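Residue-level listing of the chains:
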Amino acid sequence: TINQLEAKVHMQHESISRLISDVKKMNDAKNQLANHVAQQEKALERQSNMLNEGYFIIGTRKELKEAGIIAGNILQKSRLDLENADLTKMNKVDIRSFSEVIEIDGKKAKILSQMPEQSYALVKEGNKMKLYIKDAALFWSMSKILVIQKL
């Protein structure tokens, strides 16, 4: 009987050892998955930030031309050139939290980039113009670059 009990105890120890090994493997796998999830979350956050990156610049025709935003010369009609625009010369914004009102020094202003007209209002208030963004999602849907020319 003692031999049988000792054999059972030995089998139980082996079983416990296997279970401990399995738990260790599962914990290792869980930690690897947690690290993978954390990496994926960081990648998604970076991607989300990139997708929600917007830029704006306000300037006179001359300032916008110097910044490379407006192309053309005296003989050609000026055109907006956003493909070659230097984004470092613009204000970077997160369009999810960007202010819905932009103050523009000057008595007149014009939106040059293609922003849906129903998504904003350009209003003169005293000696300044103000851009009110009524629908941010619609406003930024056509372009992530806002160009405002002071007239």
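Please refer to the structure higher up on the page.
These notes cover the structure that comes with them. Just so we're clear, the structure is a prediction, and the values are computed from it rather than from any experiment.

1. Description of the packing of aromatic side chains
Geometry of an aromatic ring pair is reported as the spacing of the ring centres plus the angle between the planes.
Okay, so step 1: Tallied over the entire structure, the rule returns four aromatic pairs.
Okay, so step 2: Measuring from ring centre to ring centre gives 5.8 Å for Tyr120 and Phe139, while their planes differ by 85°; the resulting arrangement is edge-to-face. Of this pair, Tyr120 sits in strand S7 (residues 120-125) while Phe139 is found in helix H3 (residues 136-139), placing the two residues 19 residues apart along the sequence. Taken as a pair, Tyr120 and Phe139 share a single burial class, namely buried.
Okay, so step 3: By way of ring pairs, the aromatic residues Phe56, Phe98, Tyr120, Phe139 and Trp140 are connected into one cluster.

2. Details of the sheet that holds strand S9 (residues 145-150)
Okay, so step 1: The strand order across the open sheet formed by four strands is S4-S1-S9-S6, and the pairing between neighbours is mixed. Two strands bound the open sheet, and with one partner strand each, they are strand S4 (91-94) and strand S6 (109-111). The mean inter-strand angle of the sheet, taken between neighbouring strand axes irrespective of direction, is 25°.
Okay, so step 2: Pairing of strand S1 (residues 53-59) with S4 involves four bridges; the strand directions are antiparallel. Looking at S4, one finds that Glu53 is bridged to Asp94.

3. Digging into the sheet that holds strand S8 (residues 128-133)
Okay, so step 1: Taking strand neighbours across the sheet as the criterion, the three strands line up as S5-S8-S7 in an open arrangement whose pairing is antiparallel. Since the sheet does not close on itself, it has two edges, and those belong to strand S5 (101-105) and S7, each with one partner. On average, each strand axis in the sheet is tilted by 20° relative to the strand beside it, whichever way the strands run.
Okay, so step 2: Here five bridges tie S5 to S8, and the two strands are oriented antiparallel to one another. Paired with Glu103 across the bridge in S8 is Lys130.

4. Things to note about the pattern of salt bridges
Okay, so step 1: Enumeration according to the criterion identifies seven salt bridges in this entry.
Okay, so step 2: The shortest N-O distance in the salt bridge between Asp28 and Lys24 comes to 3.5 Å. On the criterion of helical spacing, the pair formed by Asp28 and Lys24 is a turn pair, its members being four residues apart in helix H1 (residues 2-51).
Okay, so step 3: A residue is classified by how much of its surface remains accessible, and Asp28, at 37% relative accessible area, is partly exposed.
Okay, so step 4: Connected through salt bridges with shared partners, the residues Glu103, Asp105, Glu125, Lys128 and Lys130 form a single ionic network.

5. Remarks on the nonpolar core
Okay, so step 1: Counting 17 residues, the largest nonpolar core has Leu131, Phe139, Trp140 and Leu146 as its most contacted members.
Okay, so step 2: When residues of this core are traced back to their parent elements, those giving at least two are S5, S6, S8 and S9.
Okay, so step 3: Sequence-distant contacts of Leu131, that is, excluding residues within four places in its chain, are made with Glu100, Val101, Ile102, Ile104, Ile111, Tyr120, Ala121, Leu122, Phe139, Leu146 and Ile148.
Okay, so step 4: The next biggest cluster of nonpolar side chains, apart from the first, holds ten residues, and it includes Ile69, Ile70, Met90 and Val147.

6. Looking at the pairing of S8
Okay, so step 1: Bridge count for S7 against S8 is six bridges, and the pairing is antiparallel. By the bridge assignment for S8, Val123 is matched with Lys130.
Okay, so step 2: Between S7 and S8, which pair antiparallel one after the other, the connecting turn spans two residues, and Gly126 there sits at a positive phi close to 70°.

Calculation rules
Residues numbered from 1 in each chain as written. Predicted model: local features only at pLDDT ≥ 70, side-chain atom pairs only at ≥ 80, totals over all residues. Heavy atoms only, no water. Phe/Tyr/Trp six-rings, centres within 6.5 Å; stacked < 30°, edge-to-face > 60°. Helix = DSSP H or I, 4+ residues; strand = E, 2+ residues; numbered from the N terminus. Buried < 20%, exposed > 50% of the residue type's maximum accessible area, 1.4 Å probe, protein only. Pairing = 2+ DSSP bridges. Axes fitted to C-alpha atoms, helices over the stretch in contact; angles between N-to-C directions. Salt bridge = Lys/Arg side-chain N within 4 Å of Asp/Glu carboxyl O. Core = buried A, V, L, I, M, F, W, Y, C linked by side-chain atoms within 4.5 Å. Contact = heavy atoms within 4.5 Å.

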